[in-house]
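A closer look at the structure
As a plain string of letters, each chain reads:
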Amino acid sequence: MSSAKHFLELIQKSRKGKFKIYIGMSAGVGKTFRMLQEAHSLLRNGIDVKIGYIETHGREETEALVEGIPGIERKSVFYKGKNLEEMDLHAIINEHPEVVLVDELAHTNIEGSKNKKRWQDVLEILDNGINVISAMNIQHIESLNEEVKKITGVEVAERVPDKILALADEVVNIDLTADELLTRLKEGKIYKKEKIQTALGNFFQSGHILQLRELALKEVATHVERKVETEIKTENFKPIKFLACISSNEKIAKTIIRKTARLASYYNSPWTVLYIQKPSENPEKIALDKQRYLINNFNLAQELGAKVVRIKESSVHNGILEYVIDHNITTVCIGKPHAKFWHRLFGYSWIYTLMNRLNERQVDIIILS
């Protein structure tokens, strides 16, 4: 349990809440199991650990490990004619254990809760100087949403912004081979017997698992690399600053935002989303649905950790250049426009002008498709 020892050292060094996330490629790899094992190890070391919220999914091995770890009582909420249980944020802050276990980081809280999402509860717990050990699946990371959808055919509704992962002091991947995971599923260790066949035909296909496993391994490797780079940065280091340039085209804008978020996350860099509002797109002239899509994309960008800027300018490339110069941007990300769109904008000339001007200033340009 060297990983548990390392987290123990982090706890003892700092009064500010430390944050550890167990991540996995899917349900059933053993994230909750490992959280509970670590809790027992910390208890043996005299650390005050409590369960804030653990989801055992009725798995016997996991339920057995809950025994002996003190818990903070959940609150009961009456919602849509049912009594539901929710993590009690205020009770956790009031009891103030040294470490609290908070499972299912991507969970959406019941309507009327103080925070909409459990990850927001975790930020409050950390701000109160309480250390948190949490868990989530790879498919819940916001910027991987499209990739996961391509692999599994399912759009995951509950998502966690990448900035939450970047905040973590430790990210640990619970890795299993596809064969090990499928064996666990067939043995009834993940879902009840009546659900096994459906799971095998849908999410738990060998090809899906291999691709999700690769995503999980890459994500954790990137996190480690970022931490190393952050700790060894020198004064001469020129920080990378990304600028994502979007239009009112909803799908292209969403792709640019998500892909730039991944790049910024990889390089641990600040990033900005820039929308140049031409006279033809002022609020009186632009269609209502386009306005709504724009606002949704601005909100997505902010959730993913970007600064959002809207500039009124009749020339797109002039607006971009001016922002790049004024804010020392190192890398500009733009979408690959459709052929008709190119010709509407005076043929190809504006993109070449932009590329030449950026090249003069040694600014990189990335065209995202």
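Above this text is the structure in question.
Everything numeric in this text was worked out from a predicted model, so none of it was measured.

So, about helix α2 (residues 31-44). For α2, built from 14 residues, the straight-helix expectation of 20 Å at 1.5 Å per residue is met to within 8% by its first-to-last C-alpha distance of 20 Å. Taken together, the buried positions of α2 are occupied by Lys31, Thr32, Met35, Leu36, Glu38, Ala39, His40, Ser41 and Leu42. The first or second residue beyond α2 is Gly46, which carries a positive phi of 80°.

So, on to the nonpolar core. By size, the foremost hydrophobic cluster in this structure holds 67 residues, and its most contacted members are Phe19, Leu101, Leu105 and Ile125. Here this core takes 5 residues from helix α10 (residues 206-232), the largest share from any one element. In contact with Leu101, not counting residues within four places along its chain, are Met35, Leu36, Ala39, Val49, Lys50, Ile51, Gly52, Tyr53, Ile54 and Ile133. With 20 residues, the next largest nonpolar core counts Ala244, Ile256, Phe298 and Leu368 among its residues.

Quick look at the pattern of salt bridges now. For the coordinates displayed, the defined rule picks out 20 salt bridges. Residue Glu142 is joined to Arg258 by a salt bridge in which the shortest nitrogen-to-oxygen separation is 2.7 Å. Residue Glu142 is found in the loop between β6 (131-137) and α6 (145-152), and its partner Arg258 is found in helix α11 (residues 250-267); the two are separated by 116 residues along the sequence. The same class applies to Glu142 as to Arg258, namely buried.

Most of strand β8 (residues 242-246) sits inside the fold, with 5 of its 5 residues counted as buried. Neither face of β8 is exposed, since Phe242, Ala244 and Ile246 on one face and Leu243 and Cys245 on the opposite face are all buried. As judged from the 5 bridges shared by β8 and strand β9 (residues 271-277), these two strands associate in the parallel manner. In the strand pairing of β9, Ile246 is matched with Tyr275. For the handedness criterion, the β-α-β arrangement of β8, α11 and β9 is classed as right-handed. In terms of strand pairing, β8 meets strand β11 (residues 331-335) through 3 bridges, oriented parallel. From the neighbouring strand, Phe242 faces β11, where its bridge partner is Thr331.

Turning next to unusual backbone geometry. Positive phi outside glycine occurs at Glu104, with the angle close to 55°. Here Glu104 is to be found in the loop between β5 (99-102) and α5 (118-127). When its relative accessible area of 31% is taken as the criterion, Glu104 is described as partly exposed. Positioned with a positive phi, Asn268 is a non-glycine residue whose angle comes to about 55°. Residue position: Asn268 is located in the loop between α11 and β9. Under the relative-accessibility criterion, Asn268 is labelled partly exposed at 33%.

Basis of the calculations
- Counting restarts for each chain: residues are numbered from 1 in the order of the written sequence.
- Only residues with pLDDT of at least 70 get local features here, since the model is predicted, and only at 80 or more are side-chain atom pairs given and counted; chain-wide, interface and lining totals rely on the full set of residues.
- Note that water and hydrogens are dropped before the side-chain values are worked out from all heavy atoms of the structure.
- Strands are runs of DSSP state E lasting at least two residues, helices are runs of H or I lasting at least four, and both sets are numbered from the N terminus onward.
- Residue count minus one, scaled by 1.5 Å, sets the expected span of a helix.
- Relative accessibility decides the category of a residue: with a 1.4 Å probe and only protein chains considered, values under 20% of the type maximum give buried, values over 50% give exposed, and everything between is partly exposed.
- Residue types Ala, Val, Leu, Ile, Met, Phe, Trp, Tyr and Cys, when buried and joined through side-chain atoms within 4.5 Å, form a set referred to as a nonpolar core.
- Here a residue-residue contact requires only that any non-hydrogen atoms of the pair lie within 4.5 Å.
- In what follows, salt bridge is the name for a side-chain nitrogen of Lys or Arg lying within 4 Å of a carboxyl oxygen of Asp or Glu.
- DSSP calls a pair of strands paired once it identifies at least 2 bridges connecting them.
- Orient the strands so they point away from the viewer; a crossover is then right-handed if the path from the first strand over the helix to the second runs clockwise.

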